Amino acid sequence: MGRVGLTTERLTRAGAELADEVGFEQVTVSALARRFDVKVASLYSHVKSSQDLKTRIALLALEELADRGADALAGRAGKDALVALADVYRDYARQHPGRYAATRLRLTPEAAAASAGGRHAEMTRAILRGYDLTEPDQTHAVRLLGSVFHGYVSLELAGGFSHSAPDSQESWSRVLDALDALLRNWPAP
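Here's a quick rundown of the structure. The shown structure was predicted, so the numbers you read here are calculated from the model rather than taken from an experiment.

The periodicity of an α-helix, 3.6 residues per turn, causes residues three or four places apart in sequence to face the same way. The end-to-end C-alpha distance of helix H8 (residues 137–157) is 30 Å, a good match for the 30 Å that 21 residues give at a rise of 1.5 Å each. Every buried residue of H8 is accounted for by Asp-137, Gln-138, Thr-139, Ala-141, Val-142, Leu-145, Phe-149, Tyr-152, Val-153 and Glu-156. As for H8, its buried residues are in contact with helix H4 (78–95), helix H5 (97–102), helix H7 (117–129) and helix H9 (168–184). Just past H8, the residue Gly-159 takes up positive phi, approximately 85°.

This is the structure:
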(Lines give C-alpha, C1' and ligand atoms only; values in the text may rest on other atoms or scores of the structure.)
Protein backbone atom coordinates (compact mmCIF):
# COMPACT_ATOMS: atom_id res chain seq x y z
CA MET A 1 0.00 0.00 0.00
CA GLY A 2 1.31 3.44 -0.85
CA ARG A 3 0.26 7.04 -0.81
CA VAL A 4 -1.50 8.06 -3.98
CA GLY A 5 -1.46 11.86 -3.83
CA LEU A 6 -4.26 12.05 -1.31
CA THR A 7 -5.86 15.39 -0.54
CA THR A 8 -9.04 16.28 1.26
CA GLU A 9 -10.58 17.44 -2.03
CA ARG A 10 -9.60 14.26 -3.85
CA LEU A 11 -11.02 12.11 -1.06
CA THR A 12 -14.23 14.13 -1.00
CA ARG A 13 -14.72 13.75 -4.75
CA ALA A 14 -13.90 10.04 -4.58
CA GLY A 15 -16.36 9.72 -1.70
CA ALA A 16 -19.02 11.44 -3.81
CA GLU A 17 -18.37 9.01 -6.67
CA LEU A 18 -18.56 6.12 -4.23
CA ALA A 19 -21.87 7.47 -2.91
CA ASP A 20 -23.27 7.50 -6.44
CA GLU A 21 -22.12 3.90 -6.97
CA VAL A 22 -23.09 2.22 -3.68
CA GLY A 23 -25.35 4.70 -1.90
CA PHE A 24 -24.57 7.55 0.45
CA GLU A 25 -25.22 5.53 3.59
CA GLN A 26 -22.54 3.03 2.56
CA VAL A 27 -19.78 5.64 2.37
CA THR A 28 -17.17 5.22 5.11
CA VAL A 29 -13.52 6.04 5.55
CA SER A 30 -12.83 2.29 5.39
CA ALA A 31 -14.62 1.96 2.06
CA LEU A 32 -12.70 4.92 0.70
CA ALA A 33 -9.38 3.45 1.91
CA ARG A 34 -10.19 0.24 0.03
CA ARG A 35 -10.89 2.28 -3.09
CA PHE A 36 -7.42 3.83 -2.92
CA ASP A 37 -5.78 0.63 -1.64
CA VAL A 38 -4.36 2.43 1.38
CA LYS A 39 -4.59 1.93 5.12
CA VAL A 40 -7.50 3.64 6.84
CA ALA A 41 -5.09 5.50 9.12
CA SER A 42 -3.55 7.27 6.13
CA LEU A 43 -6.88 9.00 5.42
CA TYR A 44 -7.31 10.46 8.89
CA SER A 45 -4.87 13.28 8.18
CA HIS A 46 -7.37 14.44 5.52
CA VAL A 47 -10.77 13.54 6.99
CA LYS A 48 -11.54 13.19 10.70
CA SER A 49 -14.17 10.47 10.47
CA SER A 50 -16.82 8.93 8.26
CA GLN A 51 -19.20 11.64 9.45
CA ASP A 52 -16.69 14.33 8.43
CA LEU A 53 -16.37 12.67 5.01
CA LYS A 54 -20.15 12.58 4.61
CA THR A 55 -20.43 16.23 5.59
CA ARG A 56 -17.81 17.14 3.00
CA ILE A 57 -19.69 15.15 0.35
CA ALA A 58 -22.92 16.93 1.33
CA LEU A 59 -21.24 20.33 1.02
CA LEU A 60 -19.83 19.38 -2.39
CA ALA A 61 -23.22 18.14 -3.59
CA LEU A 62 -25.03 21.27 -2.35
CA GLU A 63 -22.47 23.41 -4.17
CA GLU A 64 -22.74 21.44 -7.42
CA LEU A 65 -26.52 21.56 -7.29
CA ALA A 66 -26.56 25.30 -6.53
CA ASP A 67 -24.22 25.98 -9.45
CA ARG A 68 -26.47 24.02 -11.81
CA GLY A 69 -29.54 25.77 -10.44
CA ALA A 70 -28.03 29.22 -10.90
CA ASP A 71 -27.07 28.41 -14.49
CA ALA A 72 -30.56 27.09 -15.24
CA LEU A 73 -32.30 30.13 -13.74
CA ALA A 74 -30.29 32.75 -15.59
CA GLY A 75 -32.71 34.91 -17.56
CA ARG A 76 -35.81 32.95 -16.55
CA ALA A 77 -38.87 33.97 -14.55
CA GLY A 78 -42.25 32.61 -13.52
CA LYS A 79 -43.18 29.12 -14.62
CA ASP A 80 -40.12 28.86 -16.88
CA ALA A 81 -37.89 29.41 -13.83
CA LEU A 82 -39.93 27.01 -11.70
CA VAL A 83 -39.62 24.23 -14.28
CA ALA A 84 -35.92 24.93 -14.84
CA LEU A 85 -35.03 24.64 -11.16
CA ALA A 86 -37.26 21.60 -10.64
CA ASP A 87 -35.63 19.87 -13.59
CA VAL A 88 -32.16 20.64 -12.23
CA TYR A 89 -32.99 18.85 -8.97
CA ARG A 90 -34.54 15.90 -10.77
CA ASP A 91 -31.72 15.56 -13.29
CA TYR A 92 -29.04 15.85 -10.60
CA ALA A 93 -30.74 13.17 -8.51
CA ARG A 94 -30.88 10.84 -11.52
CA GLN A 95 -27.26 11.46 -12.49
CA HIS A 96 -25.88 11.46 -8.93
CA PRO A 97 -28.21 9.55 -6.63
CA GLY A 98 -25.67 9.25 -3.81
CA ARG A 99 -24.75 12.90 -3.93
CA TYR A 100 -28.40 13.86 -4.06
CA ALA A 101 -28.97 11.78 -0.93
CA ALA A 102 -26.05 13.66 0.64
CA THR A 103 -27.86 16.97 0.15
CA ARG A 104 -30.42 15.72 2.69
CA LEU A 105 -27.77 15.18 5.41
CA ARG A 106 -28.52 17.13 8.57
CA LEU A 107 -25.60 19.51 8.96
CA THR A 108 -24.30 21.18 12.08
CA PRO A 109 -25.28 24.86 12.29
CA GLU A 110 -21.69 25.81 11.41
CA ALA A 111 -21.56 23.54 8.36
CA ALA A 112 -25.00 24.67 7.24
CA ALA A 113 -23.96 28.31 7.48
CA ALA A 114 -20.89 27.59 5.33
CA SER A 115 -22.83 25.53 2.80
CA ALA A 116 -24.56 26.44 -0.44
CA GLY A 117 -27.89 25.72 1.27
CA GLY A 118 -28.58 29.44 1.48
CA ARG A 119 -28.12 29.72 -2.28
CA HIS A 120 -30.82 27.09 -2.77
CA ALA A 121 -33.27 29.09 -0.66
CA GLU A 122 -32.31 32.30 -2.50
CA MET A 123 -32.93 30.66 -5.88
CA THR A 124 -36.34 29.43 -4.77
CA ARG A 125 -37.21 32.85 -3.38
CA ALA A 126 -36.12 34.41 -6.67
CA ILE A 127 -38.61 32.19 -8.48
CA LEU A 128 -41.33 33.15 -6.02
CA ARG A 129 -40.84 36.87 -6.62
CA GLY A 130 -42.46 36.23 -9.98
CA TYR A 131 -45.57 35.07 -8.14
CA ASP A 132 -45.85 38.14 -5.85
CA LEU A 133 -45.79 36.17 -2.61
CA THR A 134 -44.89 38.00 0.58
CA GLU A 135 -43.90 36.65 3.97
CA PRO A 136 -44.86 34.38 5.61
CA ASP A 137 -46.43 32.87 2.48
CA GLN A 138 -43.10 32.97 0.66
CA THR A 139 -41.52 30.76 3.34
CA HIS A 140 -44.49 28.39 3.16
CA ALA A 141 -44.06 28.22 -0.62
CA VAL A 142 -40.29 27.56 -0.34
CA ARG A 143 -41.09 24.63 1.92
CA LEU A 144 -43.82 23.38 -0.39
CA LEU A 145 -41.57 23.42 -3.46
CA GLY A 146 -38.74 21.70 -1.62
CA SER A 147 -41.12 19.05 -0.32
CA VAL A 148 -42.65 18.37 -3.73
CA PHE A 149 -39.33 18.31 -5.59
CA HIS A 150 -37.65 16.05 -3.05
CA GLY A 151 -40.67 13.84 -2.51
CA TYR A 152 -41.27 13.23 -6.20
CA VAL A 153 -37.60 12.64 -6.97
CA SER A 154 -37.17 10.29 -4.01
CA LEU A 155 -40.20 8.22 -4.94
CA GLU A 156 -39.14 8.11 -8.56
CA LEU A 157 -35.58 7.02 -7.69
CA ALA A 158 -37.00 4.27 -5.50
CA GLY A 159 -39.02 2.97 -8.47
CA GLY A 160 -42.33 4.11 -7.06
CA PHE A 161 -43.70 5.26 -10.42
CA SER A 162 -42.29 2.55 -12.66
CA HIS A 163 -45.17 0.09 -12.37
CA SER A 164 -48.05 2.05 -13.82
CA ALA A 165 -49.07 4.44 -16.57
CA PRO A 166 -48.81 7.29 -17.33
CA ASP A 167 -45.06 7.71 -17.60
CA SER A 168 -43.45 9.55 -14.68
CA GLN A 169 -42.29 12.35 -17.03
CA GLU A 170 -45.92 13.08 -17.88
CA SER A 171 -46.80 13.20 -14.19
CA TRP A 172 -43.77 15.42 -13.47
CA SER A 173 -44.94 17.91 -16.08
CA ARG A 174 -48.46 17.91 -14.63
CA VAL A 175 -47.13 18.36 -11.09
CA LEU A 176 -45.15 21.41 -12.23
CA ASP A 177 -48.23 22.79 -14.01
CA ALA A 178 -50.19 22.34 -10.77
CA LEU A 179 -47.48 24.06 -8.71
CA ASP A 180 -47.47 26.99 -11.11
CA ALA A 181 -51.27 27.28 -10.86
CA LEU A 182 -51.12 27.07 -7.08
CA LEU A 183 -48.42 29.72 -6.82
CA ARG A 184 -50.38 32.06 -9.12
CA ASN A 185 -53.48 31.53 -6.96
CA TRP A 186 -51.98 31.23 -3.50
CA PRO A 187 -54.73 30.91 -0.90
CA ALA A 188 -55.33 33.79 1.46
CA PRO A 189 -54.71 33.05 5.15
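Taken as a whole and assessed by the stated rule, the structure comprises 4 aromatic pairs. Ring geometry for Phe-149 versus Trp-172: centroids 6.4 Å apart, planes at 55°, classification tilted. Of this pair, Phe-149 sits in helix H8 while Trp-172 sits in helix H9, and the two are 23 residues apart along the sequence. Trp-172 matches Phe-149 in its accessibility class, with the two residues each being buried. Ring geometry for Tyr-152 against Trp-172: centres 5.0 Å apart, planes inclined by 50°, an arrangement best described as tilted. Remark: Trp-172 occurs in helix H9 and Tyr-152 occurs in helix H8; sequence separation between them is 20 residues. Ring pairs connect the aromatic residues Tyr-89, Phe-149, Tyr-152, Phe-161 and Trp-172, which therefore count as one cluster. The aromatic ring of Phe-24 is capped on one face by Lys-54, whose charged end is 5.5 Å from the ring centroid.

This part covers the layout of surface pockets. Of the volumes computed, that of the largest pocket is approximately 450 Å³. Residue lining of the largest pocket: 21 residues in total, with Leu-62, Tyr-89, Arg-104, Gly-117 and His-120 positioned closest to the centre. Mapped onto the lining of the largest pocket, the elements with two or more residues apiece are helix H3 (50–73), H4, helix H6 (109–114), H7 and H8. In terms of residues, the lining of the largest pocket owes the most to one element, H8, which gives 5 residues. Of the residues contributing to the lining of the largest pocket, the split by class is 13 nonpolar, 7 polar and 1 charged.

About the criteria used
- Residues numbered from 1 in each chain as written.
- Predicted model: local features only at pLDDT ≥ 70, side-chain atom pairs only at ≥ 80, totals over all residues.
- Heavy atoms only, no water.
- Helix = DSSP H or I, 4+ residues; strand = E, 2+ residues; numbered from the N terminus.
- Expected span 1.5 Å × (residues − 1).
- Buried < 20%, exposed > 50% of the residue type's maximum accessible area, 1.4 Å probe, protein only.
- Contact = heavy atoms within 4.5 Å.
- Phe/Tyr/Trp six-rings, centres within 6.5 Å; stacked < 30°, edge-to-face > 60°.
- Lys NZ or Arg CZ within 6 Å of the ring centre and 35° of its normal.
- 1 Å grid on protein atoms, 1.4 Å probe; cavity = no way out; pocket = protein on both sides within 12 Å on 5 of 7 lines; lining within 4 Å.
- Points joined across faces, edges and corners; volume = space filled by probe spheres on them.
- Nonpolar A, V, L, I, M, F, W, Y, C, P; charged D, E, K, R; others polar.

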